[in-house]
Amino acid sequence: MKAIRVREFGPPEAMRIEEAPDPSPGPGQVLVRVRAAGVNPVETYIRSGAYARRPTLPYTPGHDAAGIVEAVGDGVMGIAAGDRVYTSETVTGAYAELALCSATRVHPLPASVSYAQGAAVGVPYATAWRALFQRVRAVPGETVLVHGASGGVGIAAVQIARAAGLRVFGTAGTAEGIALVLRERAHAVFDHRSLSYMEEAVAATGGRGFDVILEMLANVNLPRDLKALAMGGRVVVIGNRGTVEIDPRDAMARDASVVGMSLFNISDADRAVVHAALVAGLENGTLRPVIGREMPLSAAPESHVAVMSPGARGKIVLLP
Ligand code: NAP
């Protein structure tokens, strides 16, 4: 099979397309023929060598794939060759023609959802669902700010929160991103490049502030987030690229909480809950992953530059 391989941690060009042996499924494993692979920011951090989790070299990047089951190993129940599926993690890497996965990380892909869309589900939608319902227990009627709503996690969060009956506000940094988040039915969207957008966003809640903020860039926004919370408000730190100084009094004054999350910490039981909910949402059409860009597998280096560039407008996927 063709696969992207990283032989040394480094810049995007450290990823090269190579011929690799076809994997075969062992007990409890599923082999997926990949039709699309999702590109997530975390895969750039891992490839650079700067991330806490460093795979053994050489390795194939990627967590999220969608495709067709090629074969299943002994003991796998409920998944069969020919099934359409998406993955939430792989053993051998998603940026490849074939991906070996644990059966617990393979989920049904409804016929109405394309493979490119399926490749946008694993990390982004699971992150958004876990942030909202497992980390801060958002409930219908609450007000949420998706701070960075135009990217993979942000669009997922807007759709999930909207379907659950929350009042949904978002931010994006370009006119195209703002239009996209509005199309995905956020109640209001603000430009996070403008100087006054947080004041405008709080004013749009009638001055009450947000019950929940999903934060994609905490090192920039956390101090302002704390001032924008309602009484008892909660911030979930999803994305962060540096350090920041906050005034803890802003949290005290609102009985507020700041919680972190890493999807890598999710338990098997919680993961099963998340994907049961996501598959239902894909089936009933409330979850509709938005593809911003499709690129050939050989363009993996360019895809890593693109995912770290401003101006998100949905998910970047690689097509083997
Ligand atoms: P993405 O598709 O690249 O989107 C990035 C988002 O951040 C875009 O909406 C972008 O908006 C927005 N952004 C840029 N500048 C911002 C600012 N000043 N304030 C608020 N938002 C800003 O990435 P993603 O897949 O959605 O992931 C988002 C972040 O979450 C990344 O840092 C990623 O590493 C992290 N993440 C964490 C977990 C976890 O388990 N904790 C899981 C998944 C992702 P514009 O481009 O429109 O400016």
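Conventions used here
- Residues numbered from 1 in each chain as written.
- Predicted model: local features only at pLDDT ≥ 70, side-chain atom pairs only at ≥ 80, totals over all residues.
- Heavy atoms only, no water.
- Helix = DSSP H or I, 4+ residues; strand = E, 2+ residues; numbered from the N terminus.
- Rg over C-alpha atoms; globule rule 2.2 N^0.38 Å.
- Contact = heavy atoms within 4.5 Å.
- Areas by Shrake-Rupley, 256 points an atom, 1.4 Å probe, with all protein chains shown as cover.
- Lys, Arg positive; Asp, Glu negative; His and termini not counted.
- Charge placed at Lys NZ, Arg CZ, Asp CG, Glu CD.
- Pairing = 2+ DSSP bridges.
- Axes fitted to C-alpha atoms, helices over the stretch in contact; angles between N-to-C directions.
- Near = heavy atom within 4 Å.
- Polar contact = N/O pair within 3.5 Å; in protein donor to acceptor, adjacent residues only side chain to side chain.
- Nonpolar A, V, L, I, M, F, W, Y, C, P; charged D, E, K, R; others polar.
- Domains from an automatic or database assignment.
- Salt bridge = Lys/Arg side-chain N within 4 Å of Asp/Glu carboxyl O.
- Buried < 20%, exposed > 50% of the residue type's maximum accessible area, 1.4 Å probe, protein only.
- Buried area = accessible area lost by both parts, 1.4 Å probe.

Asks: Where do I start with the overall build of the protein chain in this structure?
Replies: When helices and strands are tallied, the protein chain shows ten helices and 15 strands. The C-alpha atoms of the protein chain give a radius of gyration of 19 Å, which matches the 20 Å a tight globule of 320 residues would have. Counting only C-alpha atoms and orienting by the principal axes, one finds that the protein chain spans roughly 60 × 40 × 30 Å. For the protein chain, the share of sequence-separated contacts (at least 6 apart) that also reach a separation of at least 24 residues comes to 66%. With the model as given, the accessible surface of the protein chain reaches about 13,400 Å², and the carbon-plus-sulfur share is 53%. Once the 31 positive and 30 negative side-chain charges of the protein chain are each reduced to a mean point, those two points are 2 Å apart.

Asks: Please explain unusual backbone geometry as it appears in this structure.
Replies: With the exception of glycine, the majority of residues adopt a negative phi angle, and the majority of peptide bonds are in the trans configuration. The omega torsion across Leu57 and Pro58 is -10°, close enough to zero to call that bond cis. As for its placement among the helices and strands, Pro58 is situated in the loop between α1 (41-48) and β4 (65-72). Residues other than glycine seldom take positive phi values, yet Asp255 does so here, at roughly 50°. You can see Asp255 is positioned in the loop between α8 (248-252) and β13 (257-260).

Asks: What should I look at first to understand the sheet that holds strand β11 (residues 210-215) in this one?
Replies: As a general point, the strands of a sheet are linked pairwise by backbone hydrogen bonds and lie either parallel or antiparallel. As summarised here, the arrangement of the six strands in space is β10-β9-β8-β11-β12-β13, forming an open sheet in which the pairing is parallel. One side of each edge strand has no neighbouring strand; the edge strands of this open sheet are β10 (188-191) and β13. In this sheet, adjacent strand axes meet at a mean angle of 20° when their direction is disregarded. Bridge count for strand β8 (residues 143-147) against β11 is four bridges, and the pairing is parallel. Bridge pairing links His147 to Glu215 in β11.

Asks: Help me understand the site of the ligand, please; the structure alone is not making it clear to me.
Replies: Around the ligand sit 28 residues, and of these Tyr45, Ser150, His192, Met261 and Leu263 come closest. One of the side-chain nitrogen or oxygen atoms of Asn221 is found 2.8 Å away from a nitrogen atom of the ligand. The separation between an oxygen atom of the ligand and a polar side-chain atom of Arg241 is 3.3 Å. Mapped by element, the contributors of at least two residues to the shell around the ligand are α1, α3 (122-135) and α4 (152-163). Class assignment of the residues belonging to the shell around the ligand gives a composition of 14 nonpolar, twelve polar and two charged. Inspection of the shell around the ligand shows a minimum of three residues originating in each of domain 1 (2-121 + 289-319) and domain 2 (124-264).

Asks: Got a minute to help me understand the pattern of salt bridges in this structure?
Replies: It is possible for side chains bearing opposite charge to pair when their charged atoms get close. Summed over the entire model, instances satisfying the criterion amount to eleven salt bridges. The partner of Arg234 in a salt bridge is Glu142, with the nearest N and O atoms 2.9 Å apart. With Arg234 in strand β12 (residues 229-237) and Glu142 in the loop between α3 and β8, this residue pair connects regions lying 92 residues apart in the sequence. As far as the burial class goes, Arg234 and Glu142 line up, both buried. In this structure, Glu184 and Arg288 form a salt bridge, with 3.0 Å as the shortest nitrogen-oxygen distance. Of the two residues, Glu184 sits in the loop between α5 (175-183) and β10 while Arg288 sits in the loop between α9 (268-284) and β14 (291-296), which places them 104 residues apart along the sequence. With relative accessibility at 10%, the residue Glu184 sits in the buried group. You can call Arg288 partly exposed: its relative accessible area is 34%. Connected through salt bridges with shared partners, the residues Glu89, Arg105, Asp268 and Arg271 form a single ionic network.

Asks: Would you mind going over the domain arrangement of the protein chain with me for this structure?
Replies: Where the parts come together, the accessible area they lose is often given as the size of the interface. Looking at the protein chain, the domain boundaries give domain 1 (2-121 + 289-319) and domain 2 (124-264). Relative placement of domain 1 and domain 2: their C-alpha centres are 28 Å apart. Between domain 1 and domain 2, the contact holds 19 residues from the first and 16 residues from the second. Taken together, the two surfaces of domain 1 and domain 2 that pack against each other cover about 1,300 Å², and 60% of this comes from carbon and sulfur. When the buried area of domain 1 at its contact with domain 2 is split by residue, Val290, Ala312 and Arg313 rank highest and sum to 31% of it. Summed over the shared surface of domain 1 and domain 2, the result is zero salt bridges. Across the domain 1-domain 2 interface, the total number found is three residue pairs in polar contact (both at pLDDT 80 or more).

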